[in-house]
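# Close look at the chain arrangement
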Amino acid sequence: MPNDPVPPQERLDALGISGYPDRLSVRPGESVRIMVSTKSPTFNSKIVRVSHGDADPAGPGIQEQVIDTPANGTYPGRDQRLPLGSYVTVPDNSKLRLTGSFSITAWIAPTTIPGSPYNRTALKRTPVGTPRMQGLVTKWSEADHAGYGLFIDELGGLALRLGSSGGAETVSTGVKLKPWAPAMGGPEMYFNRNPRPMHVNNSGWYFVAATYDARTRKVTLTQKPVSTLPDDSLAAVTKQVSTAHLATTAAPLLMAASWNRPDDAQPSGLYNGKIESPAIYDRALSPNELADLSDGRHPSRPVATWDFSRQMSTDRVVDAGPHRLHGRAVNLPVRALTRHDWDRRTMNYHEDPSQWGAMYFHEDDLGDAAWSPSFTFRVPDNARSGVYAARLEAGDSIYHATFVVRPKKPTAKIAMLVPTLSYLAYGQTGGTMSQYSDHADGSGYVYSSARRPIENLRSMATGRNGEGRPWQFEADTHIFHWLDTKGYDVDYITDHDLDAEGQTLLNHYQTVITGTHPEYISTAEMNAFKGWLDDGGRLMYLGGNGFYWVTSLDRAATYSELRRHDGTEAWQAAPGEYYHNTTGEFGGLWRFRGRPPQELVGVGFSAQGFGHPSGSAQYNVPFDRGEASYSAAGSWVFDGVTAKKGIGGDLPSLQSPGGPMGEEVDRVDYALGTPANAVVLGTSQPFGKQYMHVVEEINTSSLFEGGDTNPMVRGDVTLVHYPNGGAVFSAGSMVWTGSFFHNNYDNDMTRITENVLDKFTSGAPLPGAN
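Basis of the calculations
Residues numbered from 1 in each chain as written. Predicted model: local features only at pLDDT ≥ 70, side-chain atom pairs only at ≥ 80, totals over all residues. Heavy atoms only, no water. Helix = DSSP H or I, 4+ residues; strand = E, 2+ residues; numbered from the N terminus. Rg over C-alpha atoms; globule rule 2.2 N^0.38 Å. Buried < 20%, exposed > 50% of the residue type's maximum accessible area, 1.4 Å probe, protein only. Areas by Shrake-Rupley, 256 points an atom, 1.4 Å probe, with all protein chains shown as cover. Lys, Arg positive; Asp, Glu negative; His and termini not counted. Charge placed at Lys NZ, Arg CZ, Asp CG, Glu CD. Pairing = 2+ DSSP bridges. Axes fitted to C-alpha atoms, helices over the stretch in contact; angles between N-to-C directions. Contact = heavy atoms within 4.5 Å. Salt bridge = Lys/Arg side-chain N within 4 Å of Asp/Glu carboxyl O. Polar contact = N/O pair within 3.5 Å; in protein donor to acceptor, adjacent residues only side chain to side chain. Phe/Tyr/Trp six-rings, centres within 6.5 Å; stacked < 30°, edge-to-face > 60°. Lys NZ or Arg CZ within 6 Å of the ring centre and 35° of its normal. 1 Å grid on protein atoms, 1.4 Å probe; cavity = no way out; pocket = protein on both sides within 12 Å on 5 of 7 lines; lining within 4 Å. Points joined across faces, edges and corners; volume = space filled by probe spheres on them. Nonpolar A, V, L, I, M, F, W, Y, C, P; charged D, E, K, R; others polar. Core = buried A, V, L, I, M, F, W, Y, C linked by side-chain atoms within 4.5 Å.

### What about the overall build of the protein chain?
Counting its regular elements, the protein chain contains 11 helices and 41 strands. Relative to a compact globule of 770 residues, whose C-alpha radius of gyration would be 27 Å, the protein chain shows 28 Å and is just as compact. Referenced to the eigenvectors of the C-alpha coordinate spread, the extents of the protein chain come out at roughly 95 × 60 × 45 Å. A burial count over the protein chain gives 63% of its 770 residues as buried. Approximately 27100 Å² of the protein chain is accessible, and the part contributed by carbon and sulfur atoms is 49%. Taking the 68 positively charged and 82 negatively charged side chains of the protein chain as two groups, their mean positions are separated by 4 Å.

### Brief notes about the sheet that holds strand β36 (residues 623–625)
Judged by pairing direction, the sheet is mixed, and its eight strands sit side by side in the order β28-β26-β29-β31-β41-β40-β38-β36 without closing on themselves. Only two strands of the sheet have a single neighbouring strand rather than two, namely β28 (490–494) and β36. Averaged over neighbouring strand pairs, the angle between their axes works out to 20° when direction is ignored. The pairing of strand β26 (residues 414–418) with β28 spans five bridges and is classified as parallel. Looking at β28, one finds that Leu417 is bridged to Ile493. Along the sheet, helix α11 (residues 748–762) makes contact with β26, β29 (511–513), β31 (538–541), β36, β40 (716–721) and β41 (727–730), crossing β31 at roughly 165°.

### Considerations on unusual backbone geometry
The phi torsion of most residues other than glycine is negative, and most of the peptide bonds are trans. Here Arg217, not a glycine, exhibits a phi torsion of approximately 55°, which is positive. Residue placement: Arg217 occurs in the loop between β13 (206–213) and β14 (218–225).

### A look at the pattern of salt bridges
A full pass over the atoms with the stated rule returns 40 salt bridges. A salt bridge links Asp92 to Arg97, with the shortest nitrogen-to-oxygen separation between them at 2.3 Å. Residue Arg97 is classed as partly exposed on the basis of its relative accessible area, which comes to 38%. Note that Glu276 is salt-bridged to Arg339, the shortest N-O span being 3.2 Å. Of this pair, Glu276 sits in strand β17 (residues 273–281) while Arg339 is found in the loop between β21 (334–337) and β22 (358–361), placing the two residues 63 residues apart along the sequence. Assessed through its relative accessible area of 15%, Arg339 is described here as buried. Beyond isolated ion pairs, a larger network of salt bridges with shared partners links Asp13, Lys39, Asp79 and Arg81.

### Let's talk about the side chain of Arg49
Within the secondary structure, Arg49 sits in strand β4 (residues 42–52). Given a relative accessible area of 4%, Arg49 falls into the buried group. A polar atom in the side chain of Arg49 sits 3.0 Å from the side chain of Asp484.

### Points about the packing of aromatic side chains
Here the distance between the centres and the angle between the planes together describe a pair of aromatic rings. Here the structure, examined in full by the defined rule, presents 33 aromatic pairs. Aromatic side chains Trp482 and Phe740 sit 5.1 Å apart centroid to centroid with 65° between the ring planes, which places their arrangement in the edge-to-face category. Here Trp482, found in helix α5 (residues 473–485), pairs with Phe740, found in the loop between β41 and α10 (742–745); they are 258 residues apart in sequence, far enough to count as distant. The burial state of Trp482 is the same as that of Phe740; both residues are buried. Each member of the aromatic cluster is reached from another via a ring pair, and the members are Trp342, Tyr349, Trp356, Tyr578, Tyr579 and Phe586. We note Arg625 situated over the ring of Tyr630; from NZ or CZ to the ring centre the distance is 4.1 Å.

### Some points on the layout of surface pockets
The volume enclosed by the second largest pocket comes to roughly 610 Å³. Where the lining of the second largest pocket is concerned, the elements lending two or more residues are β7 (87–90) and β20 (327–330). By residue number, the principal contributor to the lining of the second largest pocket is β20, which donates three residues. Residues that form the lining of the second largest pocket fall into these classes: 12 nonpolar, eight polar and seven charged.

### Some details on the side chain of His721
As for its position among the elements, His721 is in strand β40. Taking the relative accessible area as the measure of exposure, His721 reaches 9% and is therefore buried. Once residues within four sequence positions are removed from consideration, His721 is found in contact with Ala633, Asn677, Val679, Gly726, Ala727, Leu766, Pro767, Gly768 and Ala769.

### Some thoughts on the nonpolar core
Core analysis: the largest hydrophobic core is formed by 58 residues, its most contacted members being Leu483, Phe729 and Trp736. One finds Ile108, Ala214, Val219 and Ile280 within the second-largest nonpolar core, a separate group that totals 51 residues.

### A few points about the pairing of β14
Bridge analysis of β13 against β14 gives eight bridges, and the strand direction is antiparallel. In the strand pairing of β14, Thr211 is matched with Thr220. Taking the residues that link successive antiparallel strands as the turn, the β13-β14 hairpin has four residues, and the phi of Arg217 there is positive, at about 55°. Bridge analysis of β14 against strand β15 (residues 235–240) gives six bridges, and the strand direction is antiparallel. Pairing of Thr220 across the sheet is with Thr238, part of β15.

### What to know about the sheet that holds strand β34 (residues 559–561)
Across the sheet, which stays open at both edges, the three strands sit in the order β27-β34-β33 with antiparallel pairing between neighbours. One side of each edge strand has no neighbouring strand; the edge strands of this open sheet are β27 (447–449) and β33 (552–553). As judged from the three bridges shared by β27 and β34, these two strands associate in the antiparallel manner. Considered in β34, the bridge of Ser448 is made with Ser560.

Structure, rendered in structure tokens:
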């Protein structure tokens, strides 16, 4: 959906209270810290085990158990802000406290130039086209008028600021730079029917340089478009200044930002766009040296020259110069991006990392909210595994800071895999910052951090209480409450746990259940599932559009990474930028890594369509039993179910109405790897034209991609047998569990699902498996 025009901080404040845990998964005996922000003088907190988080009065409503713990109580409120914006910080060093001649050089591709027709300023949460200074390379204190800095000025031209005892002095080219258009921007561009430009390499790139000669008191500024085509933004100016001696500042050097005061908690002057190869020299480079540098021949004796292509999987920013003035990237600027001179001969940065020496900065990046903890909850040694939350209350406002308590030692035969990578992908803070959101400059979010208040990873957020349909976490609680109501003994584990521990974790369980939409899956998870299934494990995939996007975590597992391309997607990465910097792997759809979902679970994403949550139209459909469902291999799944056609169509749903097949559905496709032994238990009845075939399978434009004409627009319910008694049951739909609640969890949909769960967990051979 389009981003909310309300600024993120303002929208978060409107909640009254918000918070987050310091980790998403914790064991009994361990502690989790809860960070809370509220403008109220005090707030109350209760630790609860969440069973049902959907407040829709048509269903069970909110179901949670208060945990007896000293952490429950009243705490002082604290207003904590979101420290938005990415930048690089380099510690103060005497080598950087320049008082005389110097030069600053870099390549830049700015995206928000004031007044440019390429800015989508009418759509932004903040007026990015409003004139303001944007820092490029700065060691500057605005309050003290001390130091130096290279900026983009309020009018959009390159500028140098100098500080001295006489005050601040600014020199500008007076010529507006042209913005670089980010590749296939986010959803605002789609929903507002704006053009979606795609850059290839050098569009919008500039070589920029500033030299200051203290002896002659002359400043030279150069902004040179990399493009060889005629361009009226080329500028080179030389001006006399009054500054003869620079005033120094102890402020850290910054890239993509500047300091108002050195002791501020957060910089200002945040920049949007790419920066590559910034360097500082303690002399005024000659015109010949600048010309050589713009052509890729670097002058000798730099003070510092930072190489963003090194240690790209970390937040370390390496200075390749003699003084090793290394820096640190803050708030996750995007790394492993192509340089201005990328030769386009390879798409893989491993083959020549030096060509991926750019970083992309955004004024609304966030890697860590860095809030102070308000209290700590020690999980009791006897705590039951499940989804927990700190239920935070300030006045009439309620917010659940959600986390998972995994078992201290696995004891159950069943595990519920909580899809935390998918929760991060959809996780919003202030109405944005999900990997479906767009940045202020129109580009998509590559990273998603768990260290922030995720407002839709909680109860009462996305369903009827949130005036929408249950999605991700809230929809998954329909499964949690079914398991609790029916008395199943279940251990709860997370994507993060499985990514870290691999198949060893799954080996404890006979049966593993997924959530409604496990779309985002890591390599370690894919490998773990395959090995476990081959060894006899049994998987119940109770959702749709799962096992779809290649997803990775950083080394500390605090944020996830996506490189979207060539799929059904919210934005698209640029050519040459498909490889993850966190793990080095090729991103995108698993099918284009040779591991389509059909190969693992029998079905894969086929179509999507969404109706109005009021239920004014029947957008979902029931399913009919397939021929194979009457065989020995499939008939047991339908024990106690008399209907043969239209199954589930007569049941109410807490998700969208019409039946258990809908929203996003999966189908069998033998060409994509569905095993030949797959038992097609059922197939959705025909969808309407509002359900569309996924774009990655549309090879040419056509009028026949809707559910009313395209036979590939369908959902299939399947059972696949693996060696050693392993098996996968796939529901083929995101809304399969939406009707579970009906008649106190006693209906055809729960009957089918419980038949599978009971048989799977029994460990007995499955009928007809051979």
